[in-house]
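Geometric and topological summary
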Amino acid sequence: MKKVPVRVDGRELVLSNLDKILYPEDGFTKAEVIDYYSRVAPLLLPHLRGRPLTVKRYPNGVEGAFFFEKNAPEHTPGWVRTARLPAPGSTKNRETIDFAVVDDLPTLVYYANLAALELHVPQWRVSEDGQALAPDTLVFDLDPGAPATIVECCEVALTLREVLRVEGLTALPKTSGNKGMQLYASWDCREEPSAYARRLAQLLEKEHPDRVVSVMAKKARPGKVFIDWSQNNPAKTTVAPYSLRAGQRPTVSTPLLWEEVESCEHPDDLVFTAADVLARAEEHGDLFARA
C-alpha cells in the first residue's frame, strides 16, 4: 500500500491508495475524491462547521461493502475536533459517541482519505465547548415514489416554497444526489421543528392528495412525493450540501437555482457530478450561502 505524506494547512497527513478506483463506472479514484473535497471545501466547510459528523465509508469503492461511522476512529489525529455527545438508542449500546466536527480543510482531507464518500450532518451545531445547541436549520426531504421522479419533486418544492414564504421562511433547494431533493430554511425555533415540518407536510398532503404523501408507508407512495419531515429529529442527519453520493457515478448533493427547479422537465436535468459542481462553484459560488 503506497503512502504519501502531505501537509495541509500546517497539518501532517499520510494519504494512501490514491489510485484505488472508488467509482468503477467512471474510473473515479480516491485521489479524485480527495481532490474534489479539497477544491469544494470553501463552499462545503461552512455547512459542516460545528455539526457532529456521520460518514458513510466505502473502503473498496461504491460496489463494495460500506458502513456508517459516527464515532471518530481510534487513529484520528489529536488535532481533529471532537464532541462527546449522548447516544440514546445507540445500536452498539454506547452511552456517548465521540463525533468528529469538520471545521477545517485538514479534517476534511483526513476523512476523504478514509473513503468517507458521504458526509451527513444534523440540523444543529455544537458550541465551542461541545454542548448541543438548538436547531438552526429546517429541512424537508422530498422523496419520489416511482414512477414519480425529481421532476415531481420540483413541482412539490415550488408549492412548499410558497407555503414557507407565507410563514416568513426563505427556502433553498438542493438535489439529494440520488433521486430526490431537499429544501432548507434557516430556523428560528418558533416551535419543535419536527412537529412544525410535519404539520406543513400534512397540509400539503391535504391540499394535493394526488401528488403528496406525508407518511412513510411505501404502499402510500407510488407516483407521489413523500415529504419526509422526520429529518428534523435531532437524532437524524441529512446529506450535506456538496457531499458526494455513493451511486454508480460520483454525483453530488447539489444546491440549485430556483430557476432550475422551475424549468426541470427530465430527471437528468438535475444530475450533477463532482466535475459539474466544481464548474458551478466557479460560476455561482455557494448557492446555499444565506443572506
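Bear in mind that the values here come from a model prediction, so they are computed numbers and not experimental data. (Residues numbered from 1 in each chain as written. Predicted model: local features only at pLDDT ≥ 70, side-chain atom pairs only at ≥ 80, totals over all residues. Heavy atoms only, no water.)

1. A few points about empty space enclosed by the protein
Across all of its chains, the model carries one cavity of 30 Å³ or more by this definition. There is about 60 Å³ of room inside the largest cavity. The leading source of residues in the lining of the largest cavity is helix α6 (residues 274–284), at four residues. Looking at the lining of the largest cavity residue by residue, the classes come out as six nonpolar, three polar and one charged. (1 Å grid on protein atoms, 1.4 Å probe; cavity = no way out; pocket = protein on both sides within 12 Å on 5 of 7 lines; lining within 4 Å. Points joined across faces, edges and corners; volume = space filled by probe spheres on them. Helix = DSSP H or I, 4+ residues; strand = E, 2+ residues; numbered from the N terminus. Nonpolar A, V, L, I, M, F, W, Y, C, P; charged D, E, K, R; others polar.)

2. A word on the pattern of salt bridges
Within this structure, the stated rule accounts for 17 salt bridges. A salt bridge links D103 to R81; the shortest N-O distance between them is 2.9 Å. On the criterion of sequence distance, the pair formed by D103 in the loop between β8 (96–100) and α2 (105–113) and R81 in the loop between β6 (67–69) and β7 (82–86) is long-range, its members being 22 residues apart. The residue R84 makes a salt bridge to D98 at a minimum N-O spacing of 2.6 Å. (Salt bridge = Lys/Arg side-chain N within 4 Å of Asp/Glu carboxyl O.)

3. Quick word on the environment of R221
Turning to its location among the elements, R221 is positioned in the loop between β13 (212–213) and β14 (225–228). Given a relative accessible area of 9%, R221 falls into the buried group. For R221 and G145, which are 76 residues apart along the polypeptide, the C-alpha to C-alpha distance reads 5.1 Å. Setting aside chain neighbours within four positions, we find R221 in contact with D143, G145, V213, V215, M216 and F226. (Buried < 20%, exposed > 50% of the residue type's maximum accessible area, 1.4 Å probe, protein only. Contact = heavy atoms within 4.5 Å.)

4. With respect to the environment of L244
Mapped onto the elements of the fold, L244 is located in the loop between β15 (238–239) and α5 (258–263). Here L244 falls in the buried class, since its relative accessible area comes to 0%. Residues L244 and Y36, 208 residues apart in the sequence, show an inter-C-alpha distance of 9.0 Å. In this structure, L244 is in contact with Y23, V33, Y36, Y37, L117, E118, P250, T251, V252 and A274, ignoring residues within four places of it in sequence.

5. Considerations on the packing of helix α1 (residues 30–48) against α2
Two numbers describe how α1 lies on α2: the axes approach to 9 Å, and their chain directions differ by 140 degrees. Between α1 and α2, the crossing angle belongs to the class labelled oblique. In the packing of α1 onto α2, the handedness of the crossing is right-handed. On α2, the residues that touch K30, V33, I34, Y37, S38, A41, L44, L45 and L48 of α1 are L105, L108, V109, A112 and N113. Residue composition of the contact of α1 with α2, grouped by class: eleven nonpolar, two polar and one charged. (Axes fitted to C-alpha atoms, helices over the stretch in contact; angles between N-to-C directions. Parallel < 35°, antiparallel > 145°, perpendicular 65-115°, else oblique. Left-handed = near helix turned anticlockwise from the far one by under 90°.)

6. Here's the deal with the packing of helix α3 (residues 150–166) against helix α4 (residues 193–207)
As a packed pair, α3 and α4 sit with axes 11 Å apart at the nearest point and diverge in direction by 125 degrees. The orientation of α3 relative to α4 falls into the category oblique. In the packing of α3 onto α4, the handedness of the crossing is right-handed. When α3 is examined against α4, the residues V156, T159, L160, V163 and L164 are found in contact with a partner set consisting of L200, L203 and L204.

7. As for the layout of surface pockets
In this structure, the second largest pocket spans a volume of roughly 230 Å³. What lines the second largest pocket is a set of 14 residues, and nearest its centre among them are D141, S176, N178, Q182 and R245. Tallying contributions element by element places strand β10 (residues 137–144) first for the lining of the second largest pocket, with three residues. Split into classes, the residues belonging to the lining of the second largest pocket amount to three nonpolar, seven polar and four charged.

8. Here's the deal with the pairing of strand β1 (residues 3–8)
In this structure, β1 lies alongside strand β2 (residues 11–16), joined through six bridges in antiparallel fashion. Looking across to β2, one finds that R7 is bridged to E12. In sequence, β1 turns back onto β2 through a hairpin of two residues, with D9 there showing a positive phi of about 45 degrees. (Pairing = 2+ DSSP bridges.)

9. Quick word on α4
In this model, α4 (15 residues) spans 21 Å end to end at C-alpha, consistent with the 21 Å of a helix rising 1.5 Å per residue. Residues of α4 that are buried: P193, S194, Y196, A197, L200, A201 and L204. Down the axis of α4, the sector holding all buried residues measures 165 degrees, keeping them to one side. The inward-facing, buried residues of α4 abut β10, α3, β13 and β14. Capping of α4 at its N-terminal end is provided by E192; its side-chain oxygen lies 3.1 Å from the backbone amide nitrogen of S194. (Expected span 1.5 Å × (residues − 1). Arc of directions from axis to C-beta. Polar contact = N/O pair within 3.5 Å; in protein donor to acceptor, adjacent residues only side chain to side chain.)

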